[in-house]
Amino acid sequence: MKFFLDTAEIDDIRELAASGLVDGVTTNPSLIMKSGRDIFEVTKEICDAVDGPVSAEATALDYDGILREADKLYDISDQITLKVPLTVDGLKACKHFTSQGKMVNVTLCFSASQALLAAKAGATFISPFIGRHDDISQDGMALIEDIRVIYDNYNFSTEILVASIRHPLHVVDAARIGADVATIPPAVMHKLFRHPLTDSGLEAFLKDWEKTGQSIA
């Protein structure tokens, strides 16, 4: 499974990218707003900080508008993955760009039928939002399971990018189902490292080592 960071905070990206565990980054208009940064400036910095795909979202809703914005976003870096909404015009733009060999992330997916359409449009990534399903008492992971079955049935190359992740169990469940990518907020990424038994075990080891009076370096 690939791990993307779901943020536009460059300091968080640089810190976690140094671990070698980050395969890409996803942004959206809300994350750009929270960063307080110019979209072109911060997106370029993100591309410089990671080696993999960086999703940048078009804000136009009509086909011609998406194409105009895409030209500017793709110009930032070869790493750019254009994010388009799961609408008729969004999928039309997806088909246009993936036919040219460019990466496209179809976002705001909430049903298996939508995911099927995105795959037929040649999407590089489909982004089902599981946390928002959970918010309205629906099973977000059931959606991931359905998409996995459909994509495997027809050997679609579109990668399932699990989005709207709220806690570590979402990541584990997505990996168990066989999702290709999890895009994870930095706070949740940090939680993946942690377990109370790891902390207590490390504390015990260090106390015992101190008692030996030895030094390794």
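For clarity, every value in this text was computed on a predicted model and none was experimentally measured.

Visitor: Describe the packing of helix H8 (residues 140–154) against helix H9 (residues 168–177), naming the residues involved and giving the relevant values.
Guide: Put simply, H8 and H9 touch, their axes get as near as 10 Å, and they point 20 degrees apart. With respect to their mutual orientation, H8 and H9 come out roughly parallel. Two packed elements cross with a definite hand, and for H8 against H9 that hand is right-handed. Judged by residue contacts, Met141, Ile144, Glu145 and Arg148 of H8 engage His170, Asp173, Ala174, Arg176 and Ile177 from H9.

Visitor: Got a sec to walk through the pairing of strand E3 (residues 54–57)? Specific residues and values, please.
Guide: Residues Val54 and Ala56 point to one face of E3 and Ser55 and Glu57 to the other, with burial holding for every one of them. Alignment of strand E2 (residues 24–26) against E3, held across two bridges, turns out to be parallel. Following the sheet pairing, Val25 is matched in E3 by Val54. With four bridges connecting them, E3 and strand E4 (residues 80–85) associate as parallel partners. The partner of Val54 across the bridge, within E4, is Ile80. Running through helix H4 (residues 63–74), the crossover from E3 to the neighbouring parallel element E4 is right-handed.

Visitor: Would you mind going over the packing of helix H1 (residues 10–17) against helix H3 (residues 39–49) in detail, with residue names and values included?
Guide: It is the contact of H1 with H3, at a shortest axis distance of 10 Å, that shows an interaxial angle of 5 degrees. When the axes of H1 and H3 are compared, the pair comes out roughly parallel. In this structure, H1 uses Ile10, Ile13, Arg14 and Ala17 to contact H3, whose residues at the interface are Glu45, Ile46 and Ala49. The residue inventory of the contact of H1 with H3, partitioned by class, reads five nonpolar, no polar and two charged.

Visitor: Describe the pairing of strand E7 (residues 159–162), naming the residues involved and giving the relevant values.
Guide: Burial along E7 is two-sided: the residues Glu159 and Leu161 and Ile160 and Val162 are all buried. Sheet analysis places strand E6 (residues 125–128) next to E7, joined by two bridges and oriented parallel. In the sheet register, Phe125 faces E7, and the bridge partner there is Glu159. Sheet analysis places E7 next to strand E8 (residues 181–184), joined by two bridges and oriented parallel. If you follow Leu161 over to E8, its bridge partner there is Val181. The handedness of the E7 to E8 crossover, carried by H9, is right-handed.

What counts as what
Residues numbered from 1 in each chain as written. Predicted model: local features only at pLDDT ≥ 70, side-chain atom pairs only at ≥ 80, totals over all residues. Heavy atoms only, no water. Axes fitted to C-alpha atoms, helices over the stretch in contact; angles between N-to-C directions. Helix = DSSP H or I, 4+ residues; strand = E, 2+ residues; numbered from the N terminus. Parallel < 35°, antiparallel > 145°, perpendicular 65-115°, else oblique. Left-handed = near helix turned anticlockwise from the far one by under 90°. Contact = heavy atoms within 4.5 Å. Buried < 20%, exposed > 50% of the residue type's maximum accessible area, 1.4 Å probe, protein only. Pairing = 2+ DSSP bridges. Right-handed = clockwise from strand over helix to strand, strands pointing away. Nonpolar A, V, L, I, M, F, W, Y, C, P; charged D, E, K, R; others polar.

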